[in-house]
Amino acid sequence: MRVAVTISLLLVVVVVNGKTVSFTDCGINNVYAVRVTPCPTEPCALKKSSSVLIEADFKAPITTDEIVTVIRGNIRGKKLTLPGGKRDPCKEGSFTPPCPIIAGKNYTYRDKLEVADFYPQVPITVKYSLTDVLGEMVTCAEVKTVIVKN
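Computed from a predicted model, the values in this text were never measured in an experiment.

1. Some points on the overall build of the chain
- When its secondary structure is counted, the chain shows one helix and eleven strands.
- Its helices and strands taken in sequence order, the chain reads α-β-β-β-β-β-β-β-β-β-β-β from the N to the C terminus.
- Out of the 150 residues in the chain, the part that is buried amounts to 39%.
- By element, 59% of the accessible surface of the chain is carried by carbon and sulfur atoms, the whole surface being about 8,800 Å².

Here is the structure:
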């Protein structure tokens, strides 16, 4: 019984700490919420040499057991691929409930975005895209951020 109570309390702490932020669904309109931690105000200030937890709740449009993550940044109109993202988030336990992803079911995706020290201190729209290995869209969301000194 104590284990169940402890797990429940931990889940409550995780949900309370993640701030729901404004986002743009850039895929197929299946994202319900995006959370960024830490993000005390919007646009989210991403500190150099730190990491940020990104979470997205979505409804799966397809069934798959292999996902590809692509993270891009739009900096002053230029689209750049950002380092990071998990090679195979299904194998790395990034989804709740765990993979396989089943069409019609709701999922939460979690990833840690590393903010490199060499990133310029500018506004950046971060775009997370999840596809299957054939390139079919699973979900996609964009969040406005700004890179700041640590």
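2. Brief notes about the pattern of salt bridges
- One pass over the structure, following the stated rule, counts five salt bridges.
- With a shortest N-O distance of 2.8 Å, Arg35 and Asp57 are connected by a salt bridge. You can see Arg35 sitting in strand S3 (residues 31-37) and its partner Asp57 sitting in strand S5 (residues 50-59), a full 22 residues away along the chain.
- Taking relative accessible area as the criterion, Arg35 reaches 11% and is therefore assigned buried.

3. Some thoughts on a nonpolar patch on the surface
- Nonpolar side chains collect at one region of the surface, where Val68, Val133 and Leu134 lie side by side and expose about 300 Å² of accessible area between them.
- Counting through the fold element by element, Leu134 comes out in the loop between strand S10 (123-132) and strand S11 (137-148).
- For Leu134, a relative accessible area of 78% puts it in the exposed group.

4. Notes on the nonpolar core
- One finds Val34, Val36, Leu46, Phe58 and Phe95 to be the most contacted residues of the largest nonpolar core, which totals 35 residues.
- When near neighbours in sequence (up to four residues on either side) are disregarded, Val34 contacts Lys19, Thr20, Val21, Phe23, Glu55, Ala56, Ala141 and Val143.

5. Description of the packing of aromatic side chains
- By the definition in use, this model includes five aromatic pairs.
- These aromatic residues form a ring-pair network of at least three members: Phe58, Phe95, Tyr107, Tyr109 and Tyr128.

6. Some thoughts on unusual backbone geometry
- Of note, the amide linkage connecting Thr37 to Pro38 takes the cis form, showing an omega dihedral of -5°.
- If you trace the backbone, Pro38 turns up in the loop between S3 and strand S4 (44-47).
- Of the consecutive residues Thr96 and Pro97, the connecting peptide bond is found in the cis state with omega at -10°.
- Examined against the element boundaries, Pro97 turns out to sit in the loop between strand S8 (95-96) and strand S9 (106-115).
- A positive phi angle is found at Asn29, which is not glycine, with a value near 55°.

Conventions used here
Residues numbered from 1 in each chain as written. Predicted model: local features only at pLDDT ≥ 70, side-chain atom pairs only at ≥ 80, totals over all residues. Heavy atoms only, no water. Helix = DSSP H or I, 4+ residues; strand = E, 2+ residues; numbered from the N terminus. Buried < 20%, exposed > 50% of the residue type's maximum accessible area, 1.4 Å probe, protein only. Areas by Shrake-Rupley, 256 points an atom, 1.4 Å probe, with all protein chains shown as cover. Salt bridge = Lys/Arg side-chain N within 4 Å of Asp/Glu carboxyl O. Patch = residues over 30% accessible without salt bridge, like charges linked within 9 Å, V, L, I, M, F, W, Y side chains within 5 Å. Core = buried A, V, L, I, M, F, W, Y, C linked by side-chain atoms within 4.5 Å. Contact = heavy atoms within 4.5 Å. Phe/Tyr/Trp six-rings, centres within 6.5 Å; stacked < 30°, edge-to-face > 60°.

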